[in-house]
Amino acid sequence: MLRITRFLSLVMCLCLIVACQSYKPTVSPTATLPAISPTVEPSPTPRPTTAPPTPTATPRPLNLVLAQPRPPQSVAPVGMDGSLVSGTAGMPWWNDTVFYEIFVRSFYDSNGDGIGDLNGLIEKLDYLNDGDPTTTADLGITGIWLMPIMKSPSYHGYDVTDYYTVNPEYGTNADFKRLMEEAHKRGIYVIIDLVLNHTSAQHPWFIEAQDPNSERRDWYLWNETGGSGWHRSPNGGYYFGLFWDQMPDLNYNNPEVTAEMLNVTRFWLEEMGVDGFRLDAIKHLIEEGTQTENTPATLRWFETFYDFYKSVNPHAFTVAEVWSPTQVVAKYTGRKVDICFEFDLAEAFKDSAFRGRPAGLMLTQETVIAAYPPGQYATFLANHDQSRTRSSMMNDEQAKVAATLQLTFSGVPFIYYGEEIGMQGAKPDENIRRPMQWTPEGGFSTGTPWRGYHEDYPTRNIAMQDAAPDSILNHYRTLVALRNQHAALRVGDWQPVKTDPLTVYSYIRAAEDEVILVVINLSGKAIEDYTLELAEGPFTADMQPAFLMGDGTLYMPPVNAKGGFDAYRPVTPLPPYGSLIIQFMP
């Protein structure tokens, strides 16, 4: 009986297997199962299909009124007619200025020796600002920062051998005075690098100081034993050079050193006519014990320095490098130097542009605004010590986003030469200081450049971007022009706007006579469904909008009782990496 039961069970299992193998599901012709394929990013444009239609995402309906856009109006324009800016709304002149950092060696060579020079810079001033309000081919900057131009044995110039003489490779003191004259004719201020912390090991002061009996021995720091930052002298003992053995630190505990460097400051302000200084590595000026940065003695010294240079020229300007977090940097402003570079902010700008989300950007901006006197900080994206902005981005469009974030924010903006065309370069330092790419042939020199161009120079250069409306160069030109034409972008209050989704970043800049709304799509996809909200603000019902950057069908903001707006979508869609800048005025 048991055998019969097992036999019947086996027969039933076989029948079930056959039935399963012969089963074929009935499939509707319009719902054919797709073949398995690699995951592909969906196109933002819906494609026709024979399958039953799936509802497509549409923007949430908002109760908005169509605007009648008016022509934009300039408000307190500066920097376009050859006049030096003087300040708006009680702010100092540098808040009306867009600065441009130049490595003279790499900007333009006038004599074919492969090294850029002051006469070459003079030849190219019209590219920076021609002083003619009827033209638009210039970049529009109103200030220049020159990296070290004093006599030095190194290509970079940060180890000075003569503080009173222009580097002969760049020209003469007379050439510099001519540069000052030509720059001022075009409404361009000029500041120069001043290296206070150290000299060159080849400076006559240090050569003399190596003699233990020299009167200049105490101009530098000496010790009988070595250690971190200490270097052995051929004549015995050890001298301190924080950065390099060829850069011995000056001893500012010696009043004679302070007196000499104040005299250098006076010379460049009075004799050479410079408008101010970029101060290199100032946090390291005076050591106290093992502390080599941000010492109380350093802060006290700069109080003396501030009083001195303001006594020589009350309008003289200093911007300092203090490569530290915002809370530390802020200690140097307020009667020590005029402003400092904001390194935390620079990284936040670039990080948001690269990641496509404003992670930490708003908090950084709010921290910066709270830390300094209004507008008294320098904004930038990259400088001569950092990888170039374009090399840290995936494409040109992200570089444009970073530029929009910087040039529509408050503070004093600085642009590193070549950033406006997306020049590329990463460490070592020589590769982020390459010759300017003027033409498809290079265009920097008729000779052999001191260092080769970046490999992309045939297709990434000023000549080609000049003719391309959507180029990085023309994006920079537009942003600089808008900053020059609108007081709100230079000195207006900044207020963040709540956005949904977070890939849209928005804020307003508000001055007495205008409000400017900035909306940036940080992502690489067009965005149709987004909203902006401002709980309270400076808007009034009679304000009319005008495009400063961007286009499309424009809607009015639904202004609430507190001067803000609820659920606003000014234009749809926002193009990938798009920047929308709208002016509102009564």
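Position numbers for residues start from 1 in each chain and track the written sequence from start to end. In keeping with the predicted nature of the model, local features appear solely for residues at pLDDT of at least 70, side-chain atom pairs appear and are counted solely at 80 or more, and the whole-chain, interface and lining totals rest on all residues. Each side-chain value is worked out from all heavy atoms of the structure, with water and hydrogens disregarded.

A. Geometry of the overall build of the chain. Working definition: helices are DSSP H or I runs of at least four residues, strands are E runs of at least two. Numbering for both runs from the N terminus. Helix and strand content of the chain: 15 helices and 20 strands. For the chain, the spread of C-alpha atoms along the three principal axes comes to 120 × 75 × 50 Å. By residue count, 55% of the 586 residues in the chain fall in the buried class. Any two residues having at least one pair of non-hydrogen atoms within 4.5 Å are treated as being in contact. Intrachain contacts of the chain at a sequence separation of at least 6 include 68% that bridge at least 24 residues. Surface exposure of the chain reaches about 25,700 Å², of which carbon and sulfur atoms provide 55%. Charge assignment: positive for Lys and Arg, negative for Asp and Glu; neither His nor the chain ends contribute. In plain terms, the charge of a residue is placed at NZ if it is Lys, CZ if Arg, CG if Asp and CD if Glu. Where the 43 positive side-chain charges of the chain centre and where its 68 negative ones centre are 10 Å apart. Per-residue accessibility, obtained with a 1.4 Å probe over protein chains only, is compared with the maximum for each type, and a residue is labelled buried under 20%, exposed over 50%, and partly exposed between these values. Reported accessibility uses the Shrake-Rupley method at a 1.4 Å probe radius. Residues are deemed covered only where the shown protein chains occlude them.

B. Structural detail: the sheet that holds strand 17 (residues 531-534). Taken together, seven strands build an open sheet; the order of strands is 18-20-16-15-14-17-19 and the sheet is antiparallel. Across the chains shown, the open sheet's two edge strands, defined by having one partner strand only, are strand 18 (544-549) and strand 19 (565-568). Shown here is a sheet whose adjacent strand axes are inclined to one another by a mean of 25°, direction ignored. For two strands to be treated as a pair, DSSP must find at least two bridges joining them. Bridging between strand 14 (residues 493-500) and strand 15 (residues 504-510) involves five bridges; their strand directions are antiparallel. Bridging from a neighbouring strand, tryptophan 494 pairs with arginine 509 of strand 15. A fitted line through C-alpha atoms represents every axis, and for helices the fit uses only the stretch in contact; the resulting angles, taken between N-to-C directions, go from 0 to 180 degrees.

C. Broad picture of the environment of proline 557. Among the secondary structure elements, proline 557 is positioned in the loop between strand 18 and strand 19. Given a relative accessible area of 10%, proline 557 falls into the buried group. Expressed as a C-alpha distance, the spacing of proline 557 and tyrosine 568, which sit eleven residues apart in the sequence, is 5.7 Å.

D. A look at the pairing of strand 2 (residues 143-146). What you see with strand 2 is no split at all: Gly143 and Trp145 on one side and Ile144 and Leu146 on the other are buried throughout. Pairing of strand 1 (residues 99-102) with strand 2, which is carried by four bridges, proceeds in the parallel orientation. Counterpart to tyrosine 100 in the pairing with strand 2 is isoleucine 144. With four bridges connecting them, strand 2 and strand 5 (residues 189-194) associate as parallel partners. Its bridge partner being in strand 5, tryptophan 145 is matched across the sheet by isoleucine 191.

E. The arrangement of the pairing of strand 17 in detail. In terms of strand pairing, strand 14 meets strand 17 through three bridges, oriented antiparallel. Looking across to strand 17, one finds that threonine 499 is bridged to leucine 532. With two bridges connecting them, strand 17 and strand 19 associate as antiparallel partners. What sits directly across from leucine 532, in strand 19, is tyrosine 568.

F. Examining the packing of helix 7 (residues 255-271) against helix 8 (residues 296-312) more closely. At their nearest, the axes of helix 7 and helix 8 sit 10 Å apart, and the two run at 30° to each other. Taken together, helix 7 and helix 8 sit at an angle that is classed as roughly parallel. In this structure, the crossing between helix 7 and helix 8 has a hand that is right-handed. Contacts between helix 7 and helix 8 involve Thr258, Leu262, Thr265, Arg266, Leu269 and Glu270 on the former and, on the latter, Trp301, Phe305, Phe308, Tyr309 and Val312. Amino acids are sorted into nonpolar (Ala, Val, Leu, Ile, Met, Phe, Trp, Tyr, Cys and Pro), charged (Asp, Glu, Lys and Arg) and polar (every other residue, Gly among them). Split by residue class, the contact of helix 7 with helix 8 holds seven nonpolar, two polar and two charged. Comment on the angle field: the value is read as roughly parallel under 35 degrees, roughly antiparallel over 145, roughly perpendicular from 65 to 115, and oblique elsewhere. We call a crossing left-handed when the near helix sits turned anticlockwise from the far one by less than a right angle, and right-handed when that turn is clockwise.

G. Here's a closer look at the nonpolar core. Take the buried Ala, Val, Leu, Ile, Met, Phe, Trp, Tyr and Cys residues and link them wherever side-chain atoms come within 4.5 Å; each set so joined is a nonpolar core. In this structure, Tyr100, Leu128, Leu146, Phe176, Trp268, Leu279 and Phe414 are the most contacted members of the largest nonpolar core, which totals 143 residues. When residues of this core are assigned to their parent elements, the largest contribution, nine residues, is made by helix 8. Residues within four places of leucine 128 in sequence aside, it is in contact with Tyr100, Ile102, Phe107, Leu121, Asp138, Leu139, Gly140, Ile141 and Ile144. In this structure, Leu517, Leu554, Phe565 and Tyr568 belong to the second largest nonpolar core, which totals 25 residues.

H. Representation of the side chain of asparagine 294. Within the secondary structure, asparagine 294 is located in the loop between strand 9 (276-279) and helix 8. Within the structure, asparagine 294 has its side chain in polar contact with the side chain of tyrosine 332 (distance 2.7 Å). Setting aside its immediate chain neighbours within four residues, asparagine 294 contacts Lys283, Val322, Ser324, Val328 and Tyr332. For the purposes of these results, a polar contact is taken to be a pair of N or O atoms within 3.5 Å, where, inside protein, one atom must be able to donate a hydrogen and its partner to accept one; residues adjacent in sequence count only when each atom of the pair is a side-chain atom.

I. How the structure looks around the sheet that holds strand 7 (residues 230-232). Pairing is antiparallel in the open sheet, where three strands are placed in the order 6-8-7. Of all strands in the sheet, those with a lone pairing partner are strand 6 (222-223) and strand 7, marking the two edges. As paired strands, strand 7 and strand 8 (residues 238-240) are joined by three bridges and run antiparallel to one another. Counterpart to histidine 231 in the pairing with strand 8 is tyrosine 239.

J. The pattern of salt bridges, seen in detail. Only one rule defines a salt bridge in this text: a Lys or Arg side-chain nitrogen within 4 Å of an Asp or Glu carboxyl oxygen. For the structure on display, the rule yields 26 salt bridges. In this structure, arginine 186 engages aspartate 126 in a salt bridge whose closest nitrogen and oxygen atoms are separated by 2.7 Å. Within this pair, whereas arginine 186 is found in the loop between helix 5 (173-185) and strand 5, its partner aspartate 126 is found in helix 4 (residues 125-128), the two being separated by 60 residues in sequence. The exposure class of aspartate 126 is partly exposed, given its relative accessible area of 39%. Among the ionic pairs, glutamate 293 bridges to lysine 283, the shortest N-O distance being 3.6 Å. Placement of glutamate 293 in the loop between strand 9 and helix 8 and of lysine 283 in the loop between strand 9 and helix 8 is noted, with a sequence separation of ten residues between them.

K. The arrangement of unusual backbone geometry in detail. Here the amide bond leading from aspartate 500 into proline 501 is cis, since omega sits at 10°, within 30 degrees of zero. Mapped onto the fold, proline 501 is located in the loop between strand 14 and strand 15. In this structure, proline 573 follows threonine 572 across a cis peptide bond, with omega equal to -5°. By the element assignment, proline 573 lies in the loop between strand 19 and strand 20 (579-585). For asparagine 294, which is not a glycine, the phi torsion comes out positive at approximately 55°.

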